[in-house]
Amino acid sequence: NADAAMYKAKEAGRDNFQFYTTEMNSRVHGRLNQIEELRTAISGGEFHLRYQPQIDLASGRMVSIEALVRWDHPVKGLISPADFIPLAESSGLIVPLGDWVLQEACRQNKSWQDAGLAPLTVCVNVSARQFSDRTWVCRVKHALDLSGLDAGCLELELTESLLMQNMDQAIATMNDLRELGVRFAIDDFGTGYSNLSALKSFPVARLKIDKCFISNLASDDSDLGIVAAIISLGQNLRMKVIAEGVETGEQLEILRRNGCDEVQGFHFSRPVAPDVIGSMLAGHHPVIRPLPRA
Ligand code: C2E
Ligand code: MG
Ligand code: MG
Ligand code: MG
């Protein structure tokens, strides 16, 4: 009986072991395939950029746009960044992909200016993996040189967690780029863990209030409290404050009443193709609604 039990356990163990390795193998293969697919997509040019307007509330004008990457998969169709940026980051492929995004955003912005349209700032999202690379400052310079874009028309969006990872190095890197004229924003502000005393040391031009605080702004007093606090914090540090994820006129009114500087969200425009931005700049495209008076 004891022998039988031991035999059973061994069998079960062996089965478990086999099951485990098979599943692990297929998971590793799945991941390797996905990385390979992503690598091919980068060299094959399967990505494009959408741009989302950011509106200055004082003037009602589009003053900047955020570049957002999209993957046009030949079989799966359009894939959102939430579904491939994490793999791009963990595999390191975010470095070549990020270079492409940066170069394309600079090139596009310069081409609008060359067409005589009003100058805009283009905002580009940057991952920790890109930013902490020794060659990062050179990569940004290269994108500016290639495109001929004025550095003052480029803003880089970093997250709180990226900045807090290695503060001294982050400040040094930012100051190198600041000397060129590049500006910085802190993205998704309020969701990471921020060392408030460190905030004053970062050469940051803008705070972007995360959209999770905006979605229930009209009904949730705590969210309203947080948003009002971020606005006064940013402004006291001489930063501009922009709210992302603004979807309704009601949210817009609350933000305006609380002195928010700028807004971005579906209420004004979804991320759109470059030619739509071109027509907005040329005044042919009434995507930006007339803002109600305060
Ligand atoms: P993010 O930088 O915080 O970008 C804002 C996201 O909110 C975008 O999602 C945008 O489409 C979405 N959004 C804008 N307005 C509204 C609104 O009114 N309501 C709602 N519900 N959503 C709104 P998207 O394009 O899917 O990008 C998701 C995230 O992927 C970005 O968040 C950013 O973290 C990352 N990402 C996108 N492009 C790049 C890139 O080129 N490089 C890197 N490293 N990350 C990127
Ligand atoms: Mg962003
Ligand atoms: Mg954000
Ligand atoms: Mg984000």
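Residues numbered from 1 in each chain as written. Chains lettered and ligands numbered in written order. Predicted model: local features only at pLDDT ≥ 70, side-chain atom pairs only at ≥ 80, totals over all residues. Heavy atoms only, no water.

For the chain, the count of helices and strands is eleven helices and nine strands. Taking all 294 residues of the chain together, the buried fraction comes to 43%. At a minimum sequence separation of 6, the contacts of the chain that also span at least 24 residues come to 67%. Surface summary for the chain: the accessible area is close to 15,200 Å², and the carbon and sulfur share equals 52%. (Helix = DSSP H or I, 4+ residues; strand = E, 2+ residues; numbered from the N terminus. Buried < 20%, exposed > 50% of the residue type's maximum accessible area, 1.4 Å probe, protein only. Contact = heavy atoms within 4.5 Å. Areas by Shrake-Rupley, 256 points an atom, 1.4 Å probe, with all protein chains shown as cover.)

On to the confidence of the model for the chain, then. The predicted model of the chain has a mean per-residue pLDDT of 90, with 88% of residues at 70 or higher. Under the prediction, the complex receives an ipTM of 0.98, its pTM being 0.90. (pLDDT = per-residue confidence, 0-100.)

In this section: helix 9 (residues 221-236). Helix length check: helix 9 (16 residues) gives 22 Å between terminal C-alpha atoms against 22 Å at 1.5 Å per residue, within 8%. Of all the positions in helix 9, only Asp223, Val227, Ile230, Ile231 and Gly234 are classed as buried. Buried positions in helix 9, seen along its axis, are confined to an arc of 100° and lie on one side of it. For helix 9, the exposed residues set more than 90 degrees away from the buried face come down to Asp221, Ser222 and Asn236. In this fold, the buried residues of helix 9 make contact with strand 6 (183-189), strand 7 (206-209), strand 8 (240-244) and helix 10 (249-257). At the N-terminal end of helix 9, a side-chain oxygen is found 2.8 Å from the backbone nitrogen of Ser222, two or three residues along, and the residue is Asp220. Following helix 9 by one or two positions, Arg238 adopts a phi angle in the positive range, close to 60°. (Expected span 1.5 Å × (residues − 1). Arc of directions from axis to C-beta. Polar contact = N/O pair within 3.5 Å; in protein donor to acceptor, adjacent residues only side chain to side chain.)

Moving on to the coordination of the magnesium ion (ligand 2). Coordination of the magnesium ion (ligand 2) by the protein comes from Glu66 (OE), Asn125 (OD1), Glu157 (OE) and Asp187 (OD), over a distance range of 2.0 to 2.2 Å. On the basis of relative accessible area, Asn125 is assigned to the partly exposed category, the value being 29%. (Donors = N, O, S within 2.8 Å, 3.2 Å for Na, K, Ca; no water.)

What follows is about unusual backbone geometry. Non-glycine residue Asp188 carries a positive phi angle of around 55°. One can find Asp188 in strand 6. Residue classification places Asp188 among the partly exposed residues on the basis of a relative accessible area of 25%. Despite not being glycine, Arg238 has its phi angle at roughly 60°, a positive value. Here Arg238 is to be found in the loop between helix 9 and strand 8.

Take the pattern of salt bridges next. Where side chains of opposite charge bring their charged atoms close, a pairing between them can arise. The final tally for this structure, using the stated rule, is eleven salt bridges. In this structure, Asp114 engages Lys110 in a salt bridge whose closest nitrogen and oxygen atoms are separated by 3.1 Å. In this pair, Asp114 and Lys110 are both assigned in helix 3 (residues 94-114), four residues apart and thus about one turn of the helix distant. Residue class for Lys110 comes out partly exposed when judged on its relative accessible area of 23%. The network of salt bridges with common partners includes Glu66, Glu157, Lys208 and Glu244. (Salt bridge = Lys/Arg side-chain N within 4 Å of Asp/Glu carboxyl O.)

Counting 81 residues, the largest nonpolar core has Leu154, Leu156 and Ile277 as the members making the most contacts within it. It is helix 3 that contributes the most residues to this core, eight residues altogether. Beyond its immediate sequence surroundings of up to four residues, Ile277 is in contact with Tyr51, Pro53, Met62, Ile65, Trp112, Leu120 and Val272. (Core = buried A, V, L, I, M, F, W, Y, C linked by side-chain atoms within 4.5 Å.)

Working definition: an aromatic ring pair is given by the centre-to-centre distance plus the angle between the planes. The tally for this structure, following the rule as stated, stands at four aromatic pairs. A centroid spacing of 5.4 Å and a plane angle of 75° characterise the contact between Tyr51 and Trp112, whose relative ring orientation is edge-to-face. Of this pair, Tyr51 sits in strand 1 (residues 47-56) while Trp112 is found in helix 3, placing the two residues 61 residues apart along the sequence. Just as Tyr51 is buried, Trp112 falls in that class too. Consider the rings of Trp71 and Phe84, whose centres lie 5.6 Å apart with planes at 90°: the pair is edge-to-face. Note that Trp71 is positioned in strand 2 (residues 61-73) and Phe84 in helix 2 (residues 81-91), a separation of 13 residues in sequence. For Phe84, a relative accessible area of 2% corresponds to the buried category. (Phe/Tyr/Trp six-rings, centres within 6.5 Å; stacked < 30°, edge-to-face > 60°.)

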